[in-house]
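An overview of the molecular structure
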Amino acid sequence: MTRVAQEGWRGGLAKLTARRTTRWVLGAVAAAVLVAIPFNASPYTNLQLALVIALAVSLRGMDVLTGHAGQVTLGQSAFFGIGAYSGGYGFAHGWPAPLSFLLAVVLCVIAGVIVAIPAVRLRGFAFGVITLALPVVMAPLAIRLDWLTGGPVGLAVTTVQAPAWSGLADDQWQYLLVLAVGAVMFLLAHNLLAGRVGRALTLIRTSEIAASSVGIPVQRYKVLAFTVAAAYGGVGGWLYLTAVHYIGVDSLALTLSISMLVALVVGGVRSPLGCVIGAAFYILVPNITDKATPGRSALFFGVALLIVLFVVPSGLSGALRAGWSRLLASPRPATPAAAPPSAEQHASA
Amino acid sequence: MALLEIRDLRAGYGAAEVLHGVTLTVEEGGTTALLGANGAGKTTTLRALCGMIARRGEIVFDGQDITSLSTERIARLGVAHVPQGRGTLANLSVRDNLLVGALLRRDRPAVRADLERCLAMFPALAKRIKAAAGTMSGGEQQMLAVCRALMSRPKLLVLDEPSLGLAPVITRRVFDALVGLRAEWGVSMLVVEQNATLALSVADWASVLESGRVAVAGPAAEIVGRDDVRRAYLGT
Amino acid sequence: MNIVQQVIDGMTTGSIYAALALALVLVYRSTGMINFAQGQMAVLSTYLAWAMSQTGVPIVLAVVLAVVIAIVMGAVIERLLIRRFEGREHLTMIIVTVGLMTTINGVVIWIWGADLKTIASLFPSDALGLGSARFTVHDVGTVAVLVSVIVVMQVLFQRTRLGLALRAVADNPQSSALSGLPIGVLLMTGWALAGAVGSLGGVLIAPKISLQPGMLDSVLIYAVAAAILGGLDSPIGAVVAAWVLGVVQNLAGTYIPLVGTDLQIAVPLVIMAVVLLIRPQGLFGRREVMRV
């Protein structure tokens, strides 16, 4: 108590946030808030938040491939679309929700592996270009397969409905479902990246030659990263459909892939928080900019990306972390009390 | 008269200072060997000299202060740097590599003559004149790198570990060529080398670096004779 | 429709890809990167040419002015934007040019809107006949301009000091600086030249497919495919690859029922994927020498 007083509120705050129990408490509070939101918000807000979570899941998968393994992908919308169409087909034919969810994951994993095995042989630009081909091929293919996809009209379906015992409205139930699945996906990604796989991908990003010289099977890990990205794209697409009840060819388009890349970088790579911020940026910004002048969001996206690249290369989440560290750092020169938690935050992010 | 005078040079990478005040001279027409153990700051000294990293202190070349000039400006004044193991443009042909060295010269006939002179000096290059530089052996690339530097008709040739990764026989050949070069091309040299015996055999002056400072400096012949210096700093 | 006609149509389509592919190759050869914003830069200069022609400037003069502006624009973009990220890894460079692409797209929509515009062609659209095949003066003119651009590029890169300097900087900027080459000026030159070639492509294409902000989006993808197939450092390779892609795409769309007109845009990409897997350095390119 007296020591905290001596170090001032900054040191105390730093100590407090560094403590494991504090983190659990903070996490629990955040979770409680997220769960409580739908009971007090309009159906529109619930939909928007569900879309943010769905997109964040897709970005998290992209982050594994692009952020951690260092391979730029411009094909994520293809998997997002496959996931959404799987859901659309399943719900349209009265399948139980878990079945179409499974279909989304399986299809994306298969498609991911098929594309990944040849693609990972290429480096840098060539890899990016190959992934570019995915949405370009997928969009006309979806129109062609109109008996499956509804063609240019798309599929409008009734998705998950709130069970009577819950006493909830559909939008509330759907939000909670999306939140639950999203949380699980983020946890899985965290566990995957915390261990051996995460270290291997980091090494591959830094230097493929160094990675293979210490015995890491580079291509196998790149296939893994690509497949993870594909599966997350599929789950994101499925969640998206569940919330919005509609899937059209637009969700496969290259523009969406590009927007996802922009969102990921703006939010901040190699950061779960960055994925959420990026997704919120993508979903919520057009609501504001397009209200002012329709079609202005492209300009805003581009400018935002360039500004982020110039000013905060670590993205908005990186800027937040830096701001937090600065807040904790005492105005006195270099207090040891403030340093450890900020370092730990960087490491865990 | 000194062609190059470095006084109290401080430089490093980011916040980490590697050189803590290095003083060094290369006489007009002379060869200075810069010796020292791994991590003593030899390569850093050359990088600072050529404007590739941030530096403080004073670097006077040919009567002009070059401390704050850019790499390309320094090169244009007549400092030709052959960096460690990366002295060639890997995807360009041998011929193009040599011509890049001479790109800033206007005297075309003389450039052609110098090109021939290089090829005569290293026939291995003549044989592979059209091959991409990166496809050649380490020794050939080192010769090409030296020739590319010479093609600019420099006043000072700066060599960073010319023996790195080369077989002893090849190394010997490169150093023999260096001795010939000084007389034939009228160029002064600053040579960084791990292999002290080799470097001292071509140099007339030597400076020994230790932890970013000059520990010993003197005529090469004298350093060769000082067993204490050799044992303490050069590991021979 | 006979097969000769199909081939000619394919070559015309391919020429469109080729123009942009040449610009990509130029940037790659002088700076060692792929500029995903090349298409949008060309769109912007085409809009400028259109805007000038709307005020009564003759189309030829408008195009010349637009190309000049494109040269300046290329140099300025390199100096103010790309230079900041020079030497970073591919990932960053791709993202930077993607950001540039999105920004220019937004600017174009903001100023001119998203609706179709009609722009006059540099060449008359009179029909010509060769046997049973039909094509227009515009088609022939497009091919002629392309061939001249290739010749100029080839001479520039292989026969001039500027070309050698550009190749040296693309290979290794730091090493080139040690030979005294003015790196910054050369990088700007590469972008300026690419801006010119790209904008030329834009004004050649626009009369055929109507001027609109997204007119080069799919073309860019094929141009990238052609440039990569051609080996990225070979202008001739890029153009030949673009023509091959155009012809094969057209033939496949017509004669393979499974492909049809809707899926024919996938054909070049499939070809590219297959070729890259067999020959990662492209059809005409030299294998890049990797340093360990």
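Conventions used here
Residues numbered from 1 in each chain as written. Chains lettered and ligands numbered in written order. Predicted model: local features only at pLDDT ≥ 70, side-chain atom pairs only at ≥ 80, totals over all residues. Helix = DSSP H or I, 4+ residues; strand = E, 2+ residues; numbered from the N terminus. Buried ≥ 20, exposed ≤ 12 C-beta atoms within 10 Å, placed from the backbone. Contact = placed C-beta atoms within 7 Å. Axes fitted to C-alpha atoms, helices over the stretch in contact; angles between N-to-C directions. Parallel < 35°, antiparallel > 145°, perpendicular 65-115°, else oblique. Nonpolar A, V, L, I, M, F, W, Y, C, P; charged D, E, K, R; others polar. Left-handed = near helix turned anticlockwise from the far one by under 90°. Core = buried A, V, L, I, M, F, W, Y, C linked by C-beta atoms within 7 Å. Pairing = 2+ DSSP bridges. UniProt positions renumbered as here; feature names shortened; annotations may be inferred. Domains from an automatic or database assignment. Expected span 1.5 Å × (residues − 1).

When its secondary structure is counted, chain C shows 12 helices and two strands. Reading the helices (α) and strands (β) of chain C from amino to carboxyl end gives α-α-α-α-β-β-α-α-α-α-α-α-α-α. By its C-alpha atoms, chain C is 60 × 50 × 35 Å across when sized along the principal axes. Within the span of chain C, comprising 292 residues, buried residues form 53% of the whole. Here the contacts in chain C between residues at least 6 apart in sequence split such that 73% fall between residues at least 24 apart.

Once that is clear, we can look at the packing of helix α3 (residues 43-68) of chain A against helix α12 (residues 254-267) of chain A. Residues and elements named next belong to chain A. It is at 10 Å that the axes of α3 and α12 come closest, and there the two elements cross at 80°. Looking at the two axes, α3 sits roughly perpendicular to α12. Here Ser-58, Leu-59, Met-62, Asp-63 and Thr-66 of α3 come into contact with α12, specifically with Met-260, Ala-263, Leu-264 and Gly-267. A class-by-class count of the residues in the contact of α3 with α12 yields five nonpolar, three polar and one charged.

Here we take up the packing of helix α1 (residues 3-31) of chain C against helix α10 (residues 235-255) of chain C. Residues and elements named next belong to chain C. Direction vectors running N to C along α1 and α10 enclose 145°, while the axes themselves pass 7 Å from each other. Crossing handedness for the pair α1 and α10: right-handed. Along its contact with α1, which presents Gln-6, Val-7, Asp-9, Gly-10, Met-11, Thr-13, Gly-14, Tyr-17, Ala-18, Ala-21, Leu-22 and Val-25, the element α10 presents Pro-235, Ala-238, Val-239, Ala-242, Trp-243, Leu-245, Gly-246, Val-247, Gln-249, Asn-250, Leu-251 and Thr-254. Among the residues making up the contact of α1 with α10, the classes are represented as 15 nonpolar, eight polar and one charged.

The next subject is the nonpolar core. One finds Ala-21, Leu-22 and Ala-226 of chain C to be the most contacted residues of the largest nonpolar core, which totals 273 residues. Looking at which element gives the most residues to this core, the answer is helix α8 (residues 183-209) of chain C, with 15 residues.

Here we come to the sheet that holds strand β10 (residues 213-219) of chain B. Residue and element names in this part refer to chain B. Pairing in this open sheet of six strands is mixed, and the strands run β6-β7-β8-β3-β9-β10 from one edge to the other. The two strands at the open ends of the sheet, each matched to only one other strand, are β6 (79-82) and β10. Along the sheet, successive strands turn relative to each other by an average axial angle of 15°, direction set aside. Relative to strand β8 (residues 188-192), strand β7 (residues 156-160) runs parallel, the two sharing five bridges. Looking at the pairing, Val-158 lines up with Leu-190 of β8.

So, on to the sheet that holds strand β2 (residues 16-27) of chain B. Residue and element names in this part refer to chain B. With respect to topology, four strands assemble into an open sheet ordered β2-β1-β4-β5, the strand pairing being antiparallel. On the outer flanks of this sheet lie β2 and β5 (64-65), each paired with one strand and no other. In this sheet, β5 lies alongside strand β4 (residues 55-61) in antiparallel orientation, the contact comprising two bridges. Across the sheet, Val-60 pairs through a bridge with Asp-65, a residue of β5.

This part covers the UniProt feature "transmembrane region" (unreviewed entry) in chain A. Residues and elements named next belong to chain A. The feature "transmembrane region" (unreviewed entry), as given by UniProt, occupies residues 21-41, 98-117, 124-143, 173-193, 223-241, 261-285 and 297-316 in the numbering adopted here. The annotated region residues 21-41 carries 95% helix and 0% strand content, and the separation between its end C-alpha atoms amounts to 30 Å. Annotated as residues 173-193, this span is 100% helix and 0% strand, and its ends, taken at the C-alpha atoms, are 30 Å apart.

Residue and element names in this part refer to chain A. Looking at the assigned domains, one finds that chain A contains domain 1 (1-40) and domain 2 (45-254). For domain 1 versus domain 2, the separation of C-alpha centres amounts to 33 Å. Listed per partner, the contact involves five residues of domain 1 and six residues of domain 2. When its residues are assigned to classes, the side of domain 1 that touches domain 2 shows five nonpolar, no polar and no charged.

This paragraph deals with the interface of chain C and chain B. Listed per partner, the contact involves 20 residues of chain C and 23 residues of chain B. Ranked by the residues each element gives to the side of chain C that touches chain B, the list is headed by helix α6 (residues 161-171) of chain C, at six residues. Residues that form the side of chain C that touches chain B fall into these classes: nine nonpolar, five polar and six charged.

Across the boundary between the two partners, chain C contributes 30 residues, which contact 36 residues of chain A. Elements with a contribution of two residues or more to the side of chain C that touches chain A: α4 (90-112), α9 (217-230), α11 (260-263) and α12 (266-278) of chain C. In terms of residues, the side of chain C that touches chain A owes the most to one element, α4 of chain C, which gives 14 residues. Looking at the side of chain C that touches chain A residue by residue, the class counts come to 22 nonpolar, six polar and two charged.

To continue, consider the arrangement of the chains. The top pair by number of contacts, from a total of two pairs of chains in contact, is chains A and C. With no contact formed, the shortest span from any C-alpha in chain A to any C-alpha in chain B equals 16 Å.

On to helix α2 (residues 38-54) of chain C, then. Residue and element names in this part refer to chain C. With 17 residues, α2 extends 24 Å between its outermost C-alpha atoms, agreeing within 8% with the 24 Å of an ideal straight helix rising 1.5 Å per residue. Most of α2 sits inside the fold, with 14 of its 17 residues counted as buried. The positive-phi residue at the C-terminal boundary of α2 is Gly-56, with phi of around 100°.

With respect to the element layout, Gly-12 of chain A can be found in helix α1 (residues 2-18). A C-alpha to C-alpha distance of 8.9 Å links Gly-12 of chain A and Leu-328 of chain A, two positions 316 residues apart in sequence.

Another aspect to go through is the UniProt feature "transmembrane region" (unreviewed entry) in chain C. Residue and element names in this part refer to chain C. Under the UniProt annotation, the feature "transmembrane region" (unreviewed entry) is placed at residues 6-27, 59-81, 93-113, 133-157, 178-207, 219-248 and 255-278. Taken as a whole, residues 59-81 contains 100% helix and 0% strand, while its terminal C-alpha atoms sit 31 Å from one another. Here residues 178-207 runs as 83% helix and 0% strand, with 47 Å between its end C-alpha atoms.

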